[in-house]
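Inside the fold
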Amino acid sequence: MTADSERRVLWAMVLTGGFMLVEVIGGVLSGSLALIADAGHMLTDFASLAMAWFAFRLGRRPADRLRTYGYHRFQVLAAFLNGISLFAISAWIAVEALGRLFDPVEVLGGQMLVVAILGLSVNLAAFWILHRGGGENLNVRGAALHVLGDMLGSVGAIAAALVILWTGWTTIDPILSVAVVLLILRGAWRVTRESAHILLEGTPSGIDAASVGAAVRQVPGVVDVHHVHAWSLTTERPVVTLHAVIDEDADQNGAVAAINGVLQTRFGIDHATVQVERGACAHAPDCHGHPVPAEQPSPPLSP
């Protein structure tokens, strides 16, 4: 990551988070639930940008004796907690919207329209900042997609304000707020599911033990592969451990280098632990790194 990308993410985060607070205040003053719902959607963008920025910052910290993998998992834990909190926000907005359908309240369409237009402008500015930098980084690209989705929420709030100004039909406000909630839930479910999968040491997307084993078996000198385990520190940092049985005459260092090359090229894995076993192991009763128990004499038969 470059310092320029980090600054762009920070500016986009400040814009989004700052206006999120403005939108909450505007929603409370105007009585618009759609604005408050859109602010909840902007919270997903702010969380995504914050995680990307913290990843830049924490990624600089070296591993230590207590955290031998460093601090990469921080962004995954933050994503999981943000996803859970978004479910709570969505539930509150849905309950409030249901109440307003049966007991409508006055909505100040003019104030609502001004705040919604400002929100759309902020989203456009944040997307432009992100789009110009860090295009190759998955975190930045994901954050940009969140901001792009939030534009739909702002457009919905603008539409609700115009309908209220033209017709006085305030019911459109809770209806559109529910539509925004669906956008929030879609993003919250995805973030929670993916982060929980990583925290549970799930297999990274696009990687499975069978495919890894089949690819490594194509390496010259490799006789067999077993005990393949794959997980990830973050969505961008997959990790693999495996046992490779190599021919007795094969060069061990060369085989390990070739295996790492295959893992990097085929699966994008740049952190792999390869335990080497010699070919004789392939014919032993136990080829999994455990000692083979010695034969024990049979006990005498009972008379």
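Up top you'll find the structure we're talking about.
Residues numbered from 1 in each chain as written. Predicted model: local features only at pLDDT ≥ 70, side-chain atom pairs only at ≥ 80, totals over all residues. Heavy atoms only, no water.

**Let's talk about the environment of F127**
With respect to the helices, strands and loops of the structure, F127 is situated in helix 4 (residues 109–131). For F127, a relative accessible area of 23% puts it in the partly exposed group. Separated by 20 residues in the primary sequence, F127 and V147 have C-alpha atoms spaced 6.1 Å apart. (Helix = DSSP H or I, 4+ residues; strand = E, 2+ residues; numbered from the N terminus. Buried < 20%, exposed > 50% of the residue type's maximum accessible area, 1.4 Å probe, protein only.)

**Quick word on the pairing of strand 2 (residues 238–246)**
Across a regular strand the side chains alternate sides, sitting on one face of the sheet and then on the other. Counting buried residues along strand 2, eight of its nine residues qualify, which places the element largely inside the surrounding structure. Two strands pair when backbone bridges link them, and strand 1 (residues 222–232) and strand 2 are joined in this way by eight bridges, in the antiparallel orientation. Pairing of W231 across the sheet is with V239, part of strand 2. If you look at the hairpin formed by strand 1 and strand 2, you'll find five residues sitting between the two strands. Relative to strand 3 (residues 272–278), strand 2 is paired through seven bridges, and the arrangement is parallel. What sits directly across from A244, in strand 3, is V276. (Pairing = 2+ DSSP bridges.)

**Observations concerning the nonpolar core**
By size, the foremost hydrophobic cluster in this structure holds 20 residues, and its most contacted members are V212, V216, V222, L242, I259, L263 and F267. Broken down by secondary-structure element, the contributors of at least two residues to this core are helix 7 (209–217), strand 1, strand 2 and helix 8 (252–267). Once residues within four sequence positions are removed from consideration, F267 is found in contact with G206, I207, S211, V212, A215 and V262. With 17 residues, the next largest nonpolar core counts M20, V107, I158 and I172 among its residues. (Core = buried A, V, L, I, M, F, W, Y, C linked by side-chain atoms within 4.5 Å. Contact = heavy atoms within 4.5 Å.)

**Side note on the environment of V105**
Within the secondary structure layout, V105 lies in the loop between helix 3 (74–102) and helix 4. For the pair V105 and S32, spaced 73 residues apart in sequence, the C-alpha separation works out to 9.0 Å. For V105, the contacting residues outside a window of four places in its chain are G31, R100 and T170.

**Quick look at the pattern of salt bridges**
Under the criterion given, the structure shown has four salt bridges. Salt-bridge contacts for D64 lead to R67; the nearest nitrogen and oxygen are separated by 3.8 Å. We note a salt bridge from R217 to D224, for which the minimum N-O separation is 3.3 Å. By relative accessible area, which is 37% here, R217 ends up partly exposed. (Salt bridge = Lys/Arg side-chain N within 4 Å of Asp/Glu carboxyl O.)

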